[in-house]
Amino acid sequence: MPHPKRTDLPAIVAAAIEVLDERGLDGLSMYAIAARIGVRQPALYHHVGDKEELLAAVAAEVLDRWHTDRLPVEGEPWADFLTRNARSLRRAMLSVRDGARLIAAAGPRSPDLDNAIAQTSLLEAQGFSGPNAVLAFITMARYTIGATLEEQTARDGAAIVLPPGRSDEAAAHLAHVAGQVNALGPDHEFEVGLTALRHGLARLRDVLEEPANATPPHADV
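Trainee: Is there a simple way to think about the overall build of the protein in this case?
Mentor: Within the protein, the secondary structure is distributed over eight helices and zero strands. Taking 2.2 N^0.38 as the reference for a compact globule, 221 residues should give roughly 17 Å; the C-alpha atoms of the protein span a radius of gyration of 22 Å, well beyond that estimate. Expressed as lengths along the three principal axes of its C-alpha atoms, the size of the protein is roughly 75 × 55 × 25 Å. The proportion of buried residues among the 221 residues of the protein is 31%. Within the protein, contacts between residues at least 6 apart in sequence are counted, and of these 66% link residues at least 24 apart. For the protein, the accessible surface area stands at approximately 13200 Å², while carbon and sulfur atoms represent 56% of it. The centroid of the 21 positive side-chain charges in the protein is displaced by 7 Å from the centroid of its 30 negative side-chain charges.

Below you can see the structure in the form of structure tokens.
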């Protein structure tokens, strides 16, 4: 149903999110957004320069609405915050159709400065160097976006599908295991990846942040 003829940027972005949910990112055209609002397409360009600028505004709005766990609580363990933040980002992307594609293509390339300071300060206070604190956030964000992108776009709903035609014991066992993994579902799959990253980052922190005069790991002494 068309909106009243209100063409400020918030109204355009709200209409764009509705069209995105109905048609997906490939069907999100300026014409469809204008039709949803009930205006002619040129009216949109009084508020956005082009579709790329609009997509950036839509991506920012999706994150503002649904990515609600961006800041750490004082004294929160770093791994707990990284996990909570990643779950929040995934939840935001799953809140709209093609959300991961949208964020990957048009999400903000520069972080909110105050958020970034709070996030990196938490990790630095708990043993990470500044660069490795930033890299930890990049690692978690890229995993989260990639996993959600596959979940939203993969054929067969991201289920493991094995080729037919094998009836030997090894193939039957693998098919059974694949069925078990499929039954666990995408939420469980995502959490396994998060757990692996948490443990990996903890190990990297312990190794990479050792004092310069410490004995290198696995060295013969």
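And the narrative resumes.
Trainee: Looking at this model, I keep getting lost on the packing of helix α5 (residues 99–106) against helix α7 (residues 130–153). Mind explaining?
Mentor: For any two helices packed against each other, the geometry comes down to the angle between their axes and how far apart the axes lie. Contact pair α5 / α7: the axes reach a minimum separation of 8 Å and the direction vectors enclose 135°. Relative to α7, α5 is oriented oblique. The element α5 and its partner α7 pack so that their crossing is left-handed. When α5 is examined against α7, the residues Gly 99, Ala 100, Arg 101, Ile 103 and Ala 104 are found in contact with a partner set consisting of Ile 145, Thr 148, Leu 149, Gln 152 and Thr 153. Taken together, the residues of the contact of α5 with α7 sort by class into five nonpolar, four polar and one charged.

Trainee: When you look at unusual backbone geometry in this model, what are you seeing that I'm missing?
Mentor: Note: most peptide bonds trans; most residues except glycine with negative phi. With phi around 60°, Asp 98 is a residue other than glycine that occupies positive phi space. Structurally, Asp 98 can be placed in the loop between α4 (78–94) and α5.

Trainee: Please explain a nonpolar patch on the surface as it appears in this structure.
Mentor: Where nonpolar side chains cluster on the molecular surface, the patch consists of Ile 160, Leu 162, Leu 174 and Val 181 and spans about 300 Å² of accessible area. The residue Ile 160 is located in the loop between α7 and α8 (169–208) in this model.

Basis of the calculations
- Residues numbered from 1 in each chain as written.
- Predicted model: local features only at pLDDT ≥ 70, side-chain atom pairs only at ≥ 80, totals over all residues.
- Heavy atoms only, no water.
- Helix = DSSP H or I, 4+ residues; strand = E, 2+ residues; numbered from the N terminus.
- Rg over C-alpha atoms; globule rule 2.2 N^0.38 Å.
- Buried < 20%, exposed > 50% of the residue type's maximum accessible area, 1.4 Å probe, protein only.
- Contact = heavy atoms within 4.5 Å.
- Areas by Shrake-Rupley, 256 points an atom, 1.4 Å probe, with all protein chains shown as cover.
- Lys, Arg positive; Asp, Glu negative; His and termini not counted.
- Charge placed at Lys NZ, Arg CZ, Asp CG, Glu CD.
- Axes fitted to C-alpha atoms, helices over the stretch in contact; angles between N-to-C directions.
- Parallel < 35°, antiparallel > 145°, perpendicular 65-115°, else oblique.
- Left-handed = near helix turned anticlockwise from the far one by under 90°.
- Nonpolar A, V, L, I, M, F, W, Y, C, P; charged D, E, K, R; others polar.
- Patch = residues over 30% accessible without salt bridge, like charges linked within 9 Å, V, L, I, M, F, W, Y side chains within 5 Å.
- Salt bridge = Lys/Arg side-chain N within 4 Å of Asp/Glu carboxyl O.

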